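Take a look at the letters that make up each chain.
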Amino acid sequence: MRKYNLAVIPGDGIGKEVIPAGVEVLAAIAKQDSGFDFEFSEFDWGSDYYNAHGIMMPDNGTEQLKRFDAIYFGAVGAPDVPDHITLWGLRLAICQPFDQYANVRPTRILPGIKSPLSGVGAADLDWMIVRENSEGEYAGQGGRSHRGLAEEVATEVSIFTRAGVTRIMRFAFALAQSRPRKLLTVVTKSNAQRFGMVLWDEIAAEVAGEFPDVQWDKMLVDAMTVRMVQDPSSLDTIVATNLHADILSDLAAALAGSIGIAPTANLNPEGAFPSMFEPIHGSAFDITGKGTANPVASFWSASLMLDHLGETAAAARLMEAIERVTADTSLHTPDLGGMATTREVTDAVLEVIRGWNG
Ligand code: IPM
Ligand code: MG
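Definitions and cut-offs
Residues numbered from 1 in each chain as written. Chains lettered and ligands numbered in written order. Predicted model: local features only at pLDDT ≥ 70, side-chain atom pairs only at ≥ 80, totals over all residues. Heavy atoms only, no water. Helix = DSSP H or I, 4+ residues; strand = E, 2+ residues; numbered from the N terminus. Rg over C-alpha atoms; globule rule 2.2 N^0.38 Å. Buried < 20%, exposed > 50% of the residue type's maximum accessible area, 1.4 Å probe, protein only. Areas by Shrake-Rupley, 256 points an atom, 1.4 Å probe, with all protein chains shown as cover. Lys, Arg positive; Asp, Glu negative; His and termini not counted. Charge placed at Lys NZ, Arg CZ, Asp CG, Glu CD. Near = heavy atom within 4 Å. Polar contact = N/O pair within 3.5 Å; in protein donor to acceptor, adjacent residues only side chain to side chain. Pairing = 2+ DSSP bridges. Axes fitted to C-alpha atoms, helices over the stretch in contact; angles between N-to-C directions. Domains from an automatic or database assignment. Contact = heavy atoms within 4.5 Å. Buried area = accessible area lost by both parts, 1.4 Å probe.

Peer 1: Explain the overall build of the protein here, please?
Peer 2: On a plain count of helices and strands, the protein comes out with 11 helices and 12 strands. Compactness check: the protein gives a C-alpha radius of gyration of 20 Å against a globular reference of 21 Å for 358 residues, within 12% of the reference. Taking the principal axes of the C-alpha coordinates as reference, the protein spans close to 55 × 50 × 40 Å. For the protein, the proportion of its 358 residues judged to be buried stands at 55%. Summed over its atoms, the accessible surface of the protein is roughly 15,200 Å², and 52% of this surface lies on carbon and sulfur atoms. The distance from the centre of the 28 positive side-chain charges to the centre of the 46 negative ones in the protein is 3 Å.

Put into structure tokens, the structure is as follows:
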């Protein structure tokens, strides 16, 4: 029996609602599939922990997480703690030391869900967004001087390294190559940003030489937003910097029907450290405690995690179960215009799983 040790960090807000739902679903899958089992270890890190201890996670947090096969993460962000503290104190404090440099964000229109774009259906929008997840605009370089004075200054430096750009380009080209269309769009802003983004473009062209069967093109990020809206079927795999992909992936999620569905994988592709799987929606404290958060993003993230663990059959079956449930509009949560609760959607997915044979 294959055994996986999973670290579970629900974090803040609706993370505490959708991640337990995801754990139930994962446990049900393990029960149904005799080939593997999970051991879940939950960590109470996040804003409540911060309010009690002054830090988002213990100093040896990453040390504690190292032994796990994967991390299942909810969200960070609370109304009473500054966002940069919650982000840098937990999410980025895990992503960066664990060198989870490839952030993968699949975007599709699931059955039963409507895109806000008229005439755009499932066949027209099937993207894989690859976000550089270790440097760029989120590298953490910068500072503030002369606080509060008229001459106060702040810098926020984007970092692009040959090693960092090369590895994310290789990852993106390989992912594009693994998909039927073998099509990659490299997002850039090298017209305005003459150094980092020009290096980014040059390395994309170099790496393209290693993947002669992948067709690729380059888009300026501003024009990319237009293309995503006006010509979604012209896109397949997309690679962008940390900040550009952060923004584009929210747009992508909205175009695919709801941010409540969009999953993400923070991968350390070499497996030197655990990878982390999370819904991209964030803590959403406006709907926290109402029991109406959409758990689909956390279930889809769980499917990405199964895939990463090598349980590809279970990953595909979970995706099928999710799609059967989204196909039923009476099981849509309010973000999708419905009235279903987190509990109802979870129960429906559990029911499909429990119906699997062997
Ligand atoms: C995401 C989120 C985060 C980010 C937030 C929570 C800081 O929007 O994963 O896309 O910007 O990276
Ligand atoms: Mg984002």
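Peer 1: Would you explain the site of ligand 1 in this entry?
Peer 2: Around ligand 1, a shell composed of Leu87, Arg91, Arg105, Arg131, Tyr138 and Asp246 is seen. Arg91 is positioned with one of its side-chain polar atoms (N or O) 3.3 Å from an oxygen atom of ligand 1. Arg131 is positioned such that a nitrogen or oxygen atom in its side chain is 2.8 Å from an oxygen atom of ligand 1. Burial of ligand 1 by the surrounding chains reaches 76%, relative to a free accessible area of 320 Å².

Peer 1: Just to check I follow, could you spell out the sheet that holds strand 8 (residues 183–188) for this structure?
Peer 2: Within a sheet, adjacent strands bond to each other through the backbone by hydrogen bonds, running parallel or antiparallel. An order of 2-1-3-12-11-4-5-10-8-9 is seen for the 10 strands of this open sheet, with the pairing classed as mixed. Strand pairing shows two members of the sheet lacking a second neighbour, strand 2 (36–42) and strand 9 (215–220), which therefore form its edges. With strand direction ignored, the average angle separating the axes of adjacent strands in the sheet is 25°. Sheet topology note: the strand 8/strand 9 ladder contains six bridges and is parallel. Bridge pairing in strand 9 places Thr185 opposite Asp217.

Peer 1: Please explain the domain arrangement of the protein as it appears in this structure.
Peer 2: By a frequent convention, interface size equals the accessible area lost on bringing the separate parts together. Under the domain assignment used here, the protein contains domain 1 (1–101 + 267–358) and domain 2 (115–256). For domain 1 versus domain 2, the separation of C-alpha centres amounts to 25 Å. Each partner contributes residues to the interface: domain 1 has 12 residues there, and domain 2 has 12 residues. Interface area, domain 1 with domain 2, both sides summed: about 950 Å², of which 56% is carbon and sulfur.

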